[in-house]
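What follows is each chain in one-letter form.
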Amino acid sequence: MGPALRSSLLIDPGHHAARLDWLRRLEAAHAASGDARREALAALSAPGIAWHGPRPLDDCEGREALAQRLWGPLLAAMPDLERRDDIVLSGEWRDGTWVGATGHYVGVFAADWLGIPATGGVVTIRYGEFHRLVDGLAAESYVILDLPDLMRQAGVWPLAPPL
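Given the structure is predicted, the values throughout are model-derived calculations rather than measurements.

> Whenever I open this one, the pattern of salt bridges confuses me. Can you help?
When the charged atoms of two side chains lie near each other, side chains of opposite charge can form a pair. Going through the model one piece at a time under the given rule, you end up with 10 salt bridges. A salt bridge links Arg 25 to Asp 21; its shortest N-O distance comes to 3.1 Å. A residue pair is termed a helical-turn pair when its members lie 3 or 4 positions apart in one helix, as Arg 25 and Asp 21 do in helix H2 (residues 13-31) at 4 residues. By relative accessible area, Arg 25 is classed as partly exposed at 29%. For Asp 21, a relative accessible area of 40% corresponds to the partly exposed category. Its salt-bridge partner being Asp 146, residue Arg 126 comes within 2.4 Å of it at the nearest N-O pair. Taken together, the positions of Arg 126 in strand E5 (residues 122-134) and Asp 146 in the loop between strand E6 (137-145) and helix H5 (147-153) put the pair 20 residues apart, joining distant regions of the chain.

> It is not clear to me how helix H4 (residues 63-77) should be interpreted in this structure. Could you clarify?
For an α-helix, the turn length of 3.6 residues means that residues three or four places apart are oriented alike. Compared with an ideal rise of 1.5 Å per residue, which puts 15 residues at 21 Å, H4 spans 20 Å between its outermost C-alpha atoms and is within 8% of the ideal. The largest bend in H4 comes to about 30 degrees, at Trp 71, with the proline Pro 73 one to four residues further on. Restricting attention to buried positions, one finds in H4 the residues Leu 66, Ala 67, Leu 70, Trp 71, Gly 72, Leu 74, Leu 75 and Ala 77.

Rules used in this analysis
Residues numbered from 1 in each chain as written. Predicted model: local features only at pLDDT ≥ 70, side-chain atom pairs only at ≥ 80, totals over all residues. Heavy atoms only, no water. Salt bridge = Lys/Arg side-chain N within 4 Å of Asp/Glu carboxyl O. Helix = DSSP H or I, 4+ residues; strand = E, 2+ residues; numbered from the N terminus. Buried < 20%, exposed > 50% of the residue type's maximum accessible area, 1.4 Å probe, protein only. Expected span 1.5 Å × (residues − 1). Bend = angle between axes of the 7 residues up to and from the residue.

Read these as layout, nothing more, since geometry by itself doesn't imply function.
This is the structure:
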């Protein structure tokens, strides 16, 4: 890579530091356990976060709503849940600071979640997500969770068989 191209790829160190700090706090939140984990995950979001997820989770507004709709029930269903990032991206887009990731959540499916019966075994949930950061907190998030694959793992495939 030549010097001109290399210099065009440089980013504002302040924005880079903010994104890296948020990713480190995300990793630490997932390393915590119990109530501390739910609190740490909630603390990554702005109080008025606009969170957009798949059905039946849908959209929700606010840190508390997100904790009640997603993190509380998910962590109750899979208390040992691990987050395994495969790809992490970050940058500036449309005057916003964004962090994106794709990977897998992995854990023992110990209790039913979203009407999906627990298996008692290890399951994975693929995810893809983008978060717009404001003042070091996620103010807007777009999340895809591969719930049909979780249903397949639980033996309750929701779609008709192929022709």
